[in-house]
Amino acid sequence: MLFSFLDFHTLRLNTIAADTGFSPRFLFNFTSDASLGIICSLSEQFIALCLGACSIQATMRLSDRDAGPAINARLEPLGRTALSIIYADKSEPQVAIKATGFWLDGEMYDHAALAEDTSETFKREAAIYDALGSHEHILKSYGVAYLPAAQDEGSDLTAKREREAWALKLERAPHGNLRERILKGDALPMAQRLSMALDLAESLQYIHSRGVTWGDVSTRNILLFDNHHIKLSDFAGSSLRGVYPDLLFACEPRYWIPTTDPPSPERSRFEKELFALGTGICEITEWALPYGEIEIEELQEKLMRGEYPHLSEDNPARHVVRRLWNLDYTSAEEVSNALRMLVS
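A quick note: this is a predicted structure, and the numbers were derived from the prediction, not measured.

Here is what the cut-offs are and how they apply
- Residues numbered from 1 in each chain as written.
- Predicted model: local features only at pLDDT ≥ 70, side-chain atom pairs only at ≥ 80, totals over all residues.
- Heavy atoms only, no water.
- Helix = DSSP H or I, 4+ residues; strand = E, 2+ residues; numbered from the N terminus.
- Buried < 20%, exposed > 50% of the residue type's maximum accessible area, 1.4 Å probe, protein only.
- Areas by Shrake-Rupley, 256 points an atom, 1.4 Å probe, with all protein chains shown as cover.
- Lys, Arg positive; Asp, Glu negative; His and termini not counted.
- Salt bridge = Lys/Arg side-chain N within 4 Å of Asp/Glu carboxyl O.
- Contact = heavy atoms within 4.5 Å.
- Phe/Tyr/Trp six-rings, centres within 6.5 Å; stacked < 30°, edge-to-face > 60°.
- Lys NZ or Arg CZ within 6 Å of the ring centre and 35° of its normal.
- Pairing = 2+ DSSP bridges.
- Axes fitted to C-alpha atoms, helices over the stretch in contact; angles between N-to-C directions.
- Parallel < 35°, antiparallel > 145°, perpendicular 65-115°, else oblique.
- Left-handed = near helix turned anticlockwise from the far one by under 90°.
- Expected span 1.5 Å × (residues − 1).
- Nonpolar A, V, L, I, M, F, W, Y, C, P; charged D, E, K, R; others polar.

(A) Seen up close, the overall build of the protein. Each helix and strand in the protein was counted, giving 12 helices and 11 strands. Taking all 344 residues of the protein together, the buried fraction comes to 41%. Carbon together with sulfur atoms contributes 53% to the accessible area of the protein, which is approximately 19000 Å² in total.

Shown next as structure tokens:
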């Protein structure tokens, strides 16, 4: 009697092994160790339970050593900051994923150094992209990616807003950012640089018209597409009138207003935005990094001494940049009009 039952047990394990890919020996050891009563009660429900446990084990979190090859096989790193890691899933290469770390099968590997409470940050940036809408020089947003809902959560809009967001999905720029292109040298013709500066000013004019203050004007956040077509990106720290009144971040120090002697009054964030636009136009038309490649300590000293980035005497946009640095303009529209005169 016992012999025939074990024969049946072996037959069932061989059948299950053929269906699942697990070896009969593994299944026998697993089921034998799972319960002292296995020989006495080998029900279909228990077999299903064993297989369920095996399946869970099969999708366990990878070790750090195994995660690297898995990430390289399925994901393509694109860049990282202290607040996020940007990558593409090779199955959807046209989409850039902005996340806290690399996500594989519901598990996160690696972690941006200073990223905290990124769920709300991703939702905030997605809302600002929605407020900006479609524009030829604004990066497209495909919305927030949410963690799976808990069993007790509904699928309505309110429940979705309360769920944790793990990433923001964005249009992928095939040629990186403008700062990287400038650092490579091989400057574009001045006419093309002026046209690019005009695109920047007009795009900022549009952003302001939508109630948004970018807050992080920089060629690092200007992405390049074919034929040097530019699109503005990174609105994680931007403000949105009536929704997100405060800026979360300041622009990079190269775009700060230098100290004056005697010290000038604290400038409004809109004045700082227009000043930064001047530095952006300077970087594009000079095709050079503002202040050059220097250490942050030296940059701080230059700012404290009231020094501005280099601006050539023969730069056709020189007077526009100077007026922006002097805070003579009151809107990005005025800047666009001035640049348009140089381009036409």
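(B) Up close: the side chain of Arg 254. Along the chain, the position of Arg 254 falls in the loop between strand 11 (239–240) and helix 9 (269–286). We note that Arg 254 is buried and unpaired, the nearest opposite charge coming from Glu 252 at a distance of 4.1 Å. Once you skip the residues sitting within four places of it in the chain, Arg 254 turns out to touch Thr 279, Leu 289, Pro 290, Tyr 291, Gly 292, Glu 293, Ile 294 and Leu 299.

(C) Highlighting the packing of aromatic side chains. All chains considered together, the criterion is met by seven aromatic pairs. Aromatic pair Trp 103 and Trp 166: ring centres 5.5 Å apart, planes at 50°, arrangement tilted. Pair noted here: Trp 103 is in strand 4 (residues 102–104) and Trp 166 is in strand 7 (residues 165–171), with a separation of 63 residues, a long-range link. Across the ring face of Phe 225, the terminal group of Lys 231 is positioned such that the distance to the ring centre comes to 4.8 Å. Here the guanidinium or amino end of Arg 323 rests over the ring plane of Tyr 329, the centre of that ring lying 4.4 Å away.

(D) Spotlight on the pairing of strand 3 (residues 95–99). In terms of burial, strand 3 is a largely internal element, five of the five residues being buried. A two-sided burial pattern is seen for strand 3, the buried positions comprising Val 95, Ile 97 and Ala 99 on one face and Ala 96 and Lys 98 on the other. Sheet topology note: the strand 2 (residues 85–89)/strand 3 ladder contains three bridges and is antiparallel. Bridge pairing links Ile 85 to Ala 99 in strand 3. Between strand 2 and strand 3, which pair antiparallel and follow one another directly, the connecting turn spans five residues. Sheet analysis places strand 3 next to strand 7, joined by five bridges and oriented antiparallel. Directly across from Lys 98, in strand 7, lies its bridge partner Leu 168.

(E) The packing of helix 8 (residues 190–209) against helix 12 (residues 332–343), seen in detail. Interhelical geometry of helix 8 versus helix 12 gives an angle of 160° and a closest axis separation of 9 Å. The angle between helix 8 and helix 12 falls in the class roughly antiparallel. The two elements helix 8 and helix 12 meet at a crossing, and its hand is left-handed. Seen from helix 8, the contacting residues are Leu 194, Ser 195, Ala 197, Leu 198, Ala 201, Glu 202, Leu 204, Gln 205 and His 208; seen from helix 12, they are Ala 332, Glu 333, Val 335, Ser 336, Leu 339, Arg 340, Leu 342 and Val 343.

(F) Structural context of helix 8. Over its 20 residues, helix 8 runs 29 Å from end to end, which matches the ideal 28 Å to within 8%, given 1.5 Å per residue. One or two steps after helix 8, the chain reaches Gly 211, where phi turns positive at roughly 80°.

(G) Structural detail: the environment of Arg 323. Note that Arg 323 resides in helix 11 (residues 318–325). Between the C-alpha atoms of Arg 323 and Leu 274, which are 49 residues apart in sequence, the distance is 9.9 Å.

(H) Region of interest: the packing of helix 8 against helix 9. The contact between helix 8 and helix 9 brings their axes to 8 Å, and the two run at 160°. As the angle between them shows, helix 8 and helix 9 are arranged roughly antiparallel. Helix-helix and strand crossings are classified by hand; for helix 8 and helix 9 the assignment is right-handed. Of helix 9, the residues touching helix 8 (which contributes Met 190, Arg 193, Leu 194, Met 196, Ala 197, Leu 200, Ala 201, Leu 204 and His 208) are Phe 270, Glu 273, Leu 277, Gly 280, Ile 281, Ile 284, Thr 285 and Glu 286. Class assignment for the residues of the contact of helix 8 with helix 9 results in 11 nonpolar, three polar and three charged.

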